[in-house]
Amino acid sequence: MSRWGDEYTNEILDTLDKYKIKSTFFLVDFWVEKFPEHVKEIAKRGHDVENHSTTHPNMSQLSEEKIAEELNTVGKKIEDLTGKKPTLFRPPFGDYNDLVIQTARKNGYYTIQWDVDSLDWKEFGVQPVVDRVTRNVRNGSIVLFHNNAKYIKEYLPLVIERLQEDGYEIVPISELIYKENFIMDNTGRQILQK
């Protein structure tokens, strides 16, 4: 089962609707090309549709020109489908350097990182994902899940319920991040500069 497919997309969206949650989806070019109706549906349901690159490369290995191309090729397609230009960029593999961040900013993107990896792509089962996320999440966390992870239909409601019971509000990343007067530490967490 590929984590790049779309088998669970509608069920994920229905689950998020059920719990009245808006989230953030980072999409690569071939997924946008292959599943344009899903892209539109994600946006229509009020979720952020954001940029995860065109070809899923190691961004830190690219020139400024290639980085801009990776951002703008898929960014334009997302904008054409949703009517809204993406403003967030999640580098593939969490691989970035100063040039990636600077080039992303020049092209209108905030580069984001996650601090809790669900490891759902490793297919360990439902409970390991629930435990990993709920034990490691803290205020301001960004949690990484994959759209087509094998057990997402089972673990997503459990994670949401546990986090809501613990008093967390789940919001799109665009509502969570600082957009000015911040630095990023080596874990990718933003620190507000006063």
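First, a word on scope: everything that follows refers to the structure included in this document. (Residues numbered from 1 in each chain as written. Predicted model: local features only at pLDDT ≥ 70, side-chain atom pairs only at ≥ 80, totals over all residues. Heavy atoms only, no water.)

A count of helical and extended segments in the protein gives eight helices and eight strands. Counting only C-alpha atoms, the protein reaches 45 × 40 × 30 Å along its principal axes. Within the structure as shown, the protein displays about 10300 Å² of accessible surface, and the carbon and sulfur contribution to it stands at 47%. Looking at charge distribution, the protein has the averaged site of its 26 positive side-chain charges lying 1 Å from that of its 32 negative ones. (Helix = DSSP H or I, 4+ residues; strand = E, 2+ residues; numbered from the N terminus. Areas by Shrake-Rupley, 256 points an atom, 1.4 Å probe, with all protein chains shown as cover. Lys, Arg positive; Asp, Glu negative; His and termini not counted. Charge placed at Lys NZ, Arg CZ, Asp CG, Glu CD.)

Where a protein is soluble and globular, its nonpolar side chains tend to be buried together. The biggest cluster of nonpolar side chains holds 29 residues, and the ones touching the most others in it are I12, F25, L27, W31 and Y155. Secondary structure elements with two or more residues in this core: helix 1 (9-18), strand 1 (24-27), helix 2 (29-34), helix 3 (36-44), helix 4 (64-82), helix 6 (126-136) and helix 7 (152-165). Ranked by the residues each element gives to this core, the list is headed by helix 7, at six residues. Beyond its immediate chain neighbours, meaning those up to four positions away, L27 contacts V32, V39, V49, E50, N51, H52, S53, V74 and I78. (Core = buried A, V, L, I, M, F, W, Y, C linked by side-chain atoms within 4.5 Å. Buried < 20%, exposed > 50% of the residue type's maximum accessible area, 1.4 Å probe, protein only. Contact = heavy atoms within 4.5 Å.)

What follows is about helix 5 (residues 98-106). Those residues of helix 5 not exposed but buried are V100, T103 and A104. Relative to the axis of helix 5, the buried residues are bounded by an arc of 105 degrees and lie together on one face. Opposite the packed face of helix 5, turned more than 90 degrees from it, sit the exposed residues D98 and K106. Looking at where helix 5 begins, the residue whose side-chain oxygen comes 3.2 Å from the main-chain nitrogen of L99 is N97. G108 sits one or two positions beyond helix 5 and adopts a positive phi of about 90 degrees. (Arc of directions from axis to C-beta. Polar contact = N/O pair within 3.5 Å; in protein donor to acceptor, adjacent residues only side chain to side chain.)

On to the pattern of salt bridges. By the definition in use, this model includes twelve salt bridges. Here K153 and E11 are joined by a salt bridge, their closest N and O atoms 3.8 Å apart. With K153 in helix 7 and E11 in helix 1, this pair connects stretches of sequence that are 142 residues apart. According to the relative accessible area criterion, E11 is partly exposed, its value standing at 38%. Here K44 makes a salt bridge to E41, at a shortest N to O gap of 3.6 Å. Of this pair, K44 and E41 both sit in helix 3, separated by three residues, roughly a single helical turn. The exposed category is assigned to K44, whose relative accessible area is 68%. Three or more residues are tied together by salt bridges with common partners; here these are D14, D17, E41, K44 and R45. (Salt bridge = Lys/Arg side-chain N within 4 Å of Asp/Glu carboxyl O.)

Let us now look at the packing of aromatic side chains. The full count for this structure, using the stated rule, is two aromatic pairs. Where F145 meets Y155, the ring centres are 5.7 Å apart and the plane angle is 25 degrees; that geometry is what we call stacked. With F145 in the loop between strand 6 (143-144) and helix 7 and Y155 in helix 7, this residue pair connects regions lying ten residues apart in the sequence. K85 extends its terminal NZ or CZ atom over the ring of Y109, reaching a point 3.8 Å from the ring centre. Across the ring face of Y110, the terminal group of R105 is positioned such that the distance to the ring centre comes to 4.2 Å. (Phe/Tyr/Trp six-rings, centres within 6.5 Å; stacked < 30°, edge-to-face > 60°. Lys NZ or Arg CZ within 6 Å of the ring centre and 35° of its normal.)

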